[in-house]
Amino acid sequence: MTEIPGKEVTIVMIMVFLLLILIPILQSRTDKDLTQMFFGIRRRKKPGEEMTINKKKEPRVHNGTKGELTSFIAQMIRFTAKNGMRLVAPGTVSHNGQTARLTALIVAPGGITGIYCLGFGGTISPGDIKAPAGISSPWRQHINGEDKTFDNPLKSCQQQKKLVQEAMEKAGIHTDLNVVTVFTNPRAVLTSTPTSIYTPKSLCEYLKNNDSLKAGNLDIHSTALALADLAGIKKGKEQKSKNL
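Below, the structure is looked at part by part. This one's a predicted model, so the numbers in the text were calculated from it and none came from an experiment.

1. Comments concerning the overall build of the chain
Then, number 1: A count of helices and strands for the chain gives nine helices and eleven strands.
Then, number 2: Per-residue burial for the chain yields a buried fraction of 35% across its 244 residues.
Then, number 3: Pairs at least 24 residues apart make up 57% of the contacts formed inside the chain by residues separated by at least 6 positions.
Then, number 4: If you sum the accessible surface of the chain, you get close to 15500 Å²; carbon and sulfur atoms cover 56% of it.

And the structure:
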């Protein structure tokens, strides 16, 4: 029998030692076992294991940030200026001890559109809108492998519209008011949502292509000033004129 030199034995032992360290690291990073890595043999997955792996691969998504909301407002300032409208932000109109939770109000010749912003990310799905209390049914959010619920935005918009409409009537602003929801998070995926739910991009399309908003004789400048007063935006008249 040929004797193996001591140096070669040492090298082999070092290689075996390194493999024992590296194999668990490779398995954890590739989700493959030893037989699959070296021989291409697939191991039969345990029940539920595939679902766990898929959850690991699901990309991380965050809910909205202040920066995204600021970016949206800047986008709407440019859009309204370009399309003959006026923007009042924030749209925190107060009436009878209550304050609207609107991010902005857009004044067009044919009426006013209130913007109710939400920053939820992930996959957004409506509640059961066909149910008797469909407008009260919570909506669903799937984010980072979890399922959550949040208040129905249709109901919230209905409440905001009632509050702002009453404040407008009392202030002598007689025009149509529509309140819509905008999901400002760029990583929000909206599924089967009603027509009054928008992303920033689809909101611009709606405002631009809505003929009823273009056709009208509402004085957008004076109306924007009056809404700014209702929203508690404290500015001098000249400054208001420049910014609204």
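2. Describing the sheet that holds strand β9 (residues 177–183)
Then, number 1: Sheet architecture is open: five strands sit in the order β1-β4-β5-β9-β11, paired in mixed fashion. On the outer flanks of this sheet lie β1 (86–88) and β11 (197–198), each paired with one strand and no other.
Then, number 2: Two elements, β9 and β11, share two bridges in a ladder whose sense is parallel. Residue pairing in the sheet places Val-182 in a bridge with Tyr-198 of β11.

3. Digging into helix α8 (residues 220–230)
Then, number 1: For α8, the full list of buried residues reads Ile-220, Thr-223, Ala-224, Leu-227 and Ala-228. The arc that holds every buried residue of α8, seen down its axis, measures 140 degrees, which confines them to one face.
Then, number 2: Along its buried surface, α8 packs onto β1, β4 (104–108), β5 (111–118) and α5 (153–170).
Then, number 3: Backbone nitrogen of His-221 and a side-chain oxygen of the N-cap are separated by 3.2 Å at the start of α8; the cap is Asp-219.
Then, number 4: With its phi angle positive at about 75 degrees, Gly-232 sits one or two positions after the end of α8.

4. Let's talk about the sheet that holds strand β7 (residues 139–143)
Remark on secondary structure: sheet strands pair via backbone hydrogen bonds, oriented parallel or antiparallel.
Then, number 1: Strand order across the open sheet formed by four strands is β8-β7-β6-β10, with mixed pairing between neighbours. Every interior strand has two partners, whereas the edge strands, β8 (146–150) and β10 (188–190), have only one. Across the sheet, the mean angle from the axis of one strand to that of its neighbour is 25 degrees, orientation sign disregarded.
Then, number 2: Note that strand β6 (residues 122–125) and β7 share three bridges and pair antiparallel. Along β7, the bridge assignment pairs Thr-123 with His-142.

Cut-off values and rules
Residues numbered from 1 in each chain as written. Predicted model: local features only at pLDDT ≥ 70, side-chain atom pairs only at ≥ 80, totals over all residues. Heavy atoms only, no water. Helix = DSSP H or I, 4+ residues; strand = E, 2+ residues; numbered from the N terminus. Buried < 20%, exposed > 50% of the residue type's maximum accessible area, 1.4 Å probe, protein only. Contact = heavy atoms within 4.5 Å. Areas by Shrake-Rupley, 256 points an atom, 1.4 Å probe, with all protein chains shown as cover. Pairing = 2+ DSSP bridges. Arc of directions from axis to C-beta. Polar contact = N/O pair within 3.5 Å; in protein donor to acceptor, adjacent residues only side chain to side chain. Axes fitted to C-alpha atoms, helices over the stretch in contact; angles between N-to-C directions.

Everything listed is a geometric property; what it means functionally is a separate question.
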